[in-house]
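Chain by chain, the residues run as shown.
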2 protein chains.
Amino acid sequence: MQSDIRRTLLEMFTNSEDEYVSGQKISDMLGCSRTAVWKHIEDLRKEGYELEAVRKKGYRIVQKPNKVSETELRLGLHTDRIGQSIHYEETVDSTQKIAHRLAQEGAKEGTVVVAEEQIAGRGRLDRVWYSPKHTGVWMSIILRPPLPPQRAPQLTLLTAVAVVQAIQEVTGISPDIKWPNDVLINGKKAVGILTEMQADADRIHSVIIGIGINVNQNSGHFDSAIQDIATSLKIESGEDINRALLMQTIFAKLEQLYDEYLTNGFKLIKLLWEAHAVSIGKHIVARTLTGSIEGFAKGITDEGILLLEDAYGQMHQIHSADIELMNR
Amino acid sequence: MQSDIRRTLLEMFTNSEDEYVSGQKISDMLGCSRTAVWKHIEDLRKEGYELEAVRKKGYRIVQKPNKVSETELRLGLHTDRIGQSIHYEETVDSTQKIAHRLAQEGAKEGTVVVAEEQIAGRGRLDRVWYSPKHTGVWMSIILRPPLPPQRAPQLTLLTAVAVVQAIQEVTGISPDIKWPNDVLINGKKAVGILTEMQADADRIHSVIIGIGINVNQNSGHFDSAIQDIATSLKIESGEDINRALLMQTIFAKLEQLYDEYLTNGFKLIKLLWEAHAVSIGKHIVARTLTGSIEGFAKGITDEGILLLEDAYGQMHQIHSADIELMNR
């Protein structure tokens, strides 16, 4: 089925909500025969839509497929760039890997790689990220900011703000951010964000933002090893969450913050980030690749770098680390 | 011809310098018939080697092909990693593009992409870099330093030092470095270096170092538009330069400096860089993507960033720019 016919058809069903849409109306709108309409309906069924057909009334959608396909993501999407080009696959090694390849081949800004399942999803430092089928948001977004590479850390913080705002809007939950971009709900991790870039000394060629969100997992879904530190939006809210809506909201929030950032700089983003941050003004341990530093988290710089004051009053600039809050 | 037979045969010719090597000796060393030897010699001729055959004396190489093929580059190469894996092509769009793809596919550290000619060679900020056939060094080197991305600028300076040392050793010319990595001979540009990276906030995944050197161009080779600012090693030294030897020397110098850097840090590299730098301690204009700053170049930081003091005494940190020396 052509993608624009499919979209028009789905728009019609969405607009009439629970009402039936007659075969005649569909045939008029699409400008095709009743037989053609029937074929289009069959195609939708093959894609996983459950459609009820009632004589003299017409058709209506009883159940949408539990998918985040291009059709689902573009329907009702109100952005200019982010999500306007979707690369969707059922199962991938990692969306990040595909996005890197697409970026290299010249994919335009806002291109999103989405999968229902990742079999080799990775987080920071090659840590495993479990991405089971149809339960989460597993995606990578390509941006091309006209900026020098030393400003990339700001985009990491910006993304955390966009994700937190979207979760808040869709679920009502208000997550915390642990520097730089761990998104926590009741102290447990629900979101992983990985920002990678291709750059030279002058400017960023592309930033690939990987976002993994545990959405509809039940508590039994999590391995006993991570049960105490991981959670999902469903566990925290008690409700099934519409993944496509969550992703569309992330696209919209991200685009809005990104435009603000490109126009007016990091100031407002920094304030928004600080409003959600739980790791600032506390005693913490920062574990970096070269060692651990304990101290007082004074704040972040205008570049997005963490300022940590140790017991001797010496200030450390932390570019990346695992942060642990101390109980004192 | 198998690559190891070819290498052994070329080693024999190289070791006996201008002497003839008898067909019997070759047949003994390679463990093959005299007819097979004759076939191997024919294969070498097809590759562009000019071989003289004299009755009762044997064979000797009169002229090697003017190429920087894998055979030429690996013969007599004394490095552990850099140049041990060579990806050679006659004509490419850009070696940098191929190296990016290979890095993405997991190519190991030290892999080098070499071409005789680039038809779309690019420098910083997408500026055109002319790379005509058989006259220069057009290559990209893949490194995988276990370092965070903010240390990448140090590798840019390190590469400039390696290239300057190699040119010095092979040609006797002692070039200058204009911050960060413009290599100048008598004020004209002979080398372009472009450092690109793939990284996340924690660490560099790969650094792709593109090196373009004008080697054997005559002054007539340069377009009138760049004649006053560009030069070649041949123009400056008055001699034809062995490109393969120059590249091997770069591989060796780069590996040596890189090992020193990974073991002991940037200190020694910084001193070596400063010893060749012409832009420090002078009045300069730094043209960045966002504007120009005029001032006194105080030096470089331990991160490789340029410190520029303007007329009001304010210190600017320059991450990347075009530098022009002022006459005052």
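Nothing here was measured: the structure is a model prediction, and the numbers come from that model. (Residues numbered from 1 in each chain as written. Chains lettered and ligands numbered in written order. Predicted model: local features only at pLDDT ≥ 70, side-chain atom pairs only at ≥ 80, totals over all residues. Heavy atoms only, no water.)

Should their charged atoms come close, side chains of opposite charge can pair. Summed over the entire model, instances satisfying the criterion amount to 48 salt bridges over all chains. A salt bridge links Lys-67 of chain A to Glu-90 of chain A; the shortest N-O distance between them is 3.8 Å. Here Lys-67 of chain A, found in the loop between β2 (58-63) and α4 (70-74), pairs with Glu-90 of chain A, found in strand β3 (residues 86-92); they are 23 residues apart in sequence, far enough to count as distant. Between Glu-52 of chain B and Arg-60 of chain B there is a salt bridge, with the nearest N and O atoms lying 2.7 Å from each other. (Salt bridge = Lys/Arg side-chain N within 4 Å of Asp/Glu carboxyl O. Helix = DSSP H or I, 4+ residues; strand = E, 2+ residues; numbered from the N terminus.)

Taken domain by domain, chain A holds domain 1 (3-63), domain 2 (70-276) and domain 3 (283-325). The C-alpha-based centres of domain 1 of chain A and domain 3 of chain A are spaced at 57 Å. (Domains from an automatic or database assignment.)

All names here are of chain A. With antiparallel pairing, the five strands of this open sheet are ordered in space as β13-β12-β11-β10-β14. Each having just a single partner strand, β13 (315-318) and β14 (322-325) make up the two edges of the open sheet. For this sheet the average axis-to-axis angle between neighbouring strands, irrespective of direction, equals 45 degrees. Pairing geometry for strand β12 (residues 306-309) and β13, over four bridges, is antiparallel. Bridge pairing links Leu-308 to His-316 in β13. (Pairing = 2+ DSSP bridges. Axes fitted to C-alpha atoms, helices over the stretch in contact; angles between N-to-C directions.)

Residue and element names in this part refer to chain A. One pass over the full model with this rule turns up two aromatic pairs over all chains. Seen in terms of ring centroids, Tyr-261 and Phe-266 are 6.3 Å apart; in terms of plane orientation they differ by 85 degrees. Their pairing is edge-to-face. With relative accessibility at 1%, the residue Tyr-261 sits in the buried group. (Phe/Tyr/Trp six-rings, centres within 6.5 Å; stacked < 30°, edge-to-face > 60°. Buried < 20%, exposed > 50% of the residue type's maximum accessible area, 1.4 Å probe, protein only.)

Right, let's talk about the relation of the copies chain B and chain A for a bit. Structural alignment of chain B on chain A gives an RMSD of 0.2 Å, achieved by rotating through 180 degrees and translating 0.2 Å along the axis. Here the symmetry operator amounts to a two-fold rotation axis. The C-alpha atom lying nearest the rotation axis in chain B is that of Gln-198 of chain B; the distance is 2.2 Å. (Least-squares fit on C-alpha atoms with pLDDT ≥ 70 in both.)

Soluble globular proteins: nonpolar side chains tend toward being buried together. Judged by nonpolar contacts, the single largest core of 126 residues is most densely connected at Met-139 and Ile-213 of chain A together with Met-139 and Ile-213 of chain B. Residues in contact with Met-139 of chain A, not counting those within four places in the same chain, are Thr-95, Val-112, Val-113, Val-114, Ile-209, Gly-210, Ile-211, Met-247, Ile-250 and Phe-251 of chain A. (Core = buried A, V, L, I, M, F, W, Y, C linked by side-chain atoms within 4.5 Å. Contact = heavy atoms within 4.5 Å.)

Residues spaced three or four apart along an α-helix point in a common direction, a consequence of the helix completing one turn every 3.6 residues. Residue and element names in this part refer to chain B. Helix length check: helix α3 (residues 34-46) (13 residues) gives 19 Å between terminal C-alpha atoms against 18 Å at 1.5 Å per residue, within 8%. Restricting attention to buried positions, one finds in α3 the residues Val-37, His-40, Ile-41 and Leu-44. The arc that holds every buried residue of α3, seen down its axis, measures 100 degrees, which confines them to one face. Residues of α3 that are exposed and point more than 90 degrees away from the buried face comprise Thr-35, Lys-39 and Lys-46. One or two residues past the end of α3 sits Gly-48, with phi positive at roughly 110 degrees. (Expected span 1.5 Å × (residues − 1). Arc of directions from axis to C-beta.)

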